[in-house]
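# Residue-level structure breakdown
Now for the letters of each chain:
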Amino acid sequence: VSAGDVQFLNTYSFLFSRIKPETRWFTLVFLLRNLFVALVPSIPNAIWQVIVFQCLFAISVGLTLCFKPWRLPASNALEVFSQVCILALVSFSAFFIRETEVQNVA
């Protein structure tokens, strides 16, 4: 980047253009969060799926609130709002887990 490699900047601009320069490492947080969200369905127990999903999004909300990585303040607010909505949806979905799945945990 410091060498002025224009092709590199054009190729990977989607990773850097929306994020503040001082929080450019936050793209790694997004990628890891999305990776772990994709891996959650591989957990065989539904209760543990909900717990892991809640932990992932709670950590993600906390990091977003702490570092505010987006260039626009409205984007930070929208990111937090959308993650909190997903977190609430997942939390409410825990009420619909069948008892047979719960008994397998104990």
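Residues numbered from 1 in each chain as written. Predicted model: local features only at pLDDT ≥ 70, side-chain atom pairs only at ≥ 80, totals over all residues. Heavy atoms only, no water.

### A short note on a nonpolar patch on the surface
On the surface, Leu28, Leu32, Leu35, Phe36 and Leu39 cluster together to form a nonpolar patch covering roughly 450 Å² of accessible area. Tracing the chain through its elements places Leu35 in helix α3 (residues 26-39). (Patch = residues over 30% accessible without salt bridge, like charges linked within 9 Å, V, L, I, M, F, W, Y side chains within 5 Å. Areas by Shrake-Rupley, 256 points an atom, 1.4 Å probe, with all protein chains shown as cover. Salt bridge = Lys/Arg side-chain N within 4 Å of Asp/Glu carboxyl O. Helix = DSSP H or I, 4+ residues; strand = E, 2+ residues; numbered from the N terminus.)

### Let's talk about the packing of aromatic side chains
What the rule picks out here adds up to five aromatic pairs. When the ring of Phe30 is compared with that of Trp70, the centres are 5.2 Å apart and the planes differ by 25 degrees; the resulting orientation is stacked. Of this pair, Phe30 sits in helix α3 while Trp70 is found in the loop between α4 (46-67) and α5 (73-93), placing the two residues 40 residues apart along the sequence. You can call Phe30 buried: its relative accessible area is 12%. For Trp70, a relative accessible area of 14% puts it in the buried group. (Phe/Tyr/Trp six-rings, centres within 6.5 Å; stacked < 30°, edge-to-face > 60°. Buried < 20%, exposed > 50% of the residue type's maximum accessible area, 1.4 Å probe, protein only.)

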